[in-house]
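# Coordinate analysis (summary)
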Amino acid sequence: MLYKNVIKKLIDKILDNDINEAPFTIISLENNLSKELEINLKGEPLKVKLLGRLDRIEEKDGVLRIIDYKTGQLKKPKQQAKETMEEHMDRIFEDIDYKEHFQQLFYAFVYLDSGDDKDLVIGVYPIRDLSSGIYWFEEEPIVKEKTLLFENKLKGLLEKIFDSATPFTQTDEIERCKYCDYKSICYRD
Ligand code: SF4
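An account of the accompanying structure is given in this report. What you see is a predicted model; the values in this text were computed from it and never measured. (Residues numbered from 1 in each chain as written. Predicted model: local features only at pLDDT ≥ 70, side-chain atom pairs only at ≥ 80, totals over all residues.)

Below, the discussion takes up the overall build of the protein. When you go through the protein residue by residue, the secondary structure sums to 5 helices and 5 strands. Starting at the N terminus, the α and β elements of the protein follow one another as α-β-β-β-α-α-β-β-α-α. Oriented by its inertia axes, the alpha-carbon framework of the protein measures out at about 55 × 45 × 35 Å. In the protein, which comprises 189 residues, the share counted as buried stands at 14%. (Helix = DSSP H or I, 4+ residues; strand = E, 2+ residues; numbered from the N terminus. Buried ≥ 20, exposed ≤ 12 C-beta atoms within 10 Å, placed from the backbone.)

Let us look at the sheet that holds strand β2 (residues 44-60). Backbone hydrogen bonds hold the strands of a sheet together, and the pairing may be parallel or antiparallel. Taken in spatial order, the 5 strands line up as β1-β2-β3-β4-β5 in an open sheet, and their pairing is mixed. Both edges of this open sheet fall to β1 (25-41) and β5 (135-136), since each of them pairs with a single strand only. For strand β3 (residues 63-70) and strand β4 (residues 119-126), the ladder comprises 8 bridges, and the chain directions are parallel. Within β4, the residue paired with V63 across the bridge is D119. Seen against the sheet, helix α4 (residues 144-162) touches β1 and β2 and runs at an angle of roughly 60° to β1. (Pairing = 2+ DSSP bridges. Contact = placed C-beta atoms within 7 Å. Axes fitted to C-alpha atoms, helices over the stretch in contact; angles between N-to-C directions.)

Moving on, we come to the environment of E58. As for its placement among the helices and strands, E58 is situated in strand β2. Given 17 C-beta atoms within 10 Å, E58 falls into the partly exposed group. For the pair formed by E58 and I26, sequence separation is 32 residues and the distance between their alpha carbons is 4.2 Å. Leaving out residues up to four positions away in the same chain, E58 has contacts with F24, T25, I26, I27, R65 and I67.

Shown next as C-alpha cells:
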C-alpha cells in the first residue's frame, strides 16, 4: 500500500510537470538502443557494442529531448565560465559528480547514430526533487563538435579498458565504490 501511494504521488507530480511542458510528443519510452563503435587496439580494429536503455525520448518545438528518471541524489555541476569545451569534456569523463552528464551524453551519442539529425538536448527528472522539473545539462542543443569530442574520448577510454597491458586497479576515490556493481568481488575493505 505504501509503495503504491508513493508511486501514485510521484506519477501525479510528473504529470503536473508534463502539463507545464505541454505541448510535446513522446517518441519512445524504455527504448533499448545499440551501436557499434570501432576502436584501434595496437593497430588492430575492434568493434565494441554499446548499449543504452533510454527512459524517455520526446520532441518539443522541433527539438529532441532525451530524458532519464533519476532516483538517487543528483549533483548539478555546470560548465565553468573559463572552461573550454575540451576541458569540460575531460571533467565529464573523470569527475564522478558528472556521471549523470556522462550517461546522458552517452545516450545521445548512441541515439544520434539512428539517422536523426534534429537538434537534441539531454536532461533528467530528479525523482527526489520533482517539483523543480526537468534538469537540463546543456543550455543549448548539442553541437556536432561536442558529439565528435565525446566519441574521441570514449574511444580512448575503451582502448584503455581493452588494452591487456593496462591493469585494472582499485580506485582511490572511495565514493565511486558506493554503487559499484563489482564491489562484492572486488574485496575492497
Ligand atoms: S568497488 Fe572495486 S571495482 Fe568497484 S569502484 Fe571500488 S575499487 Fe573499483
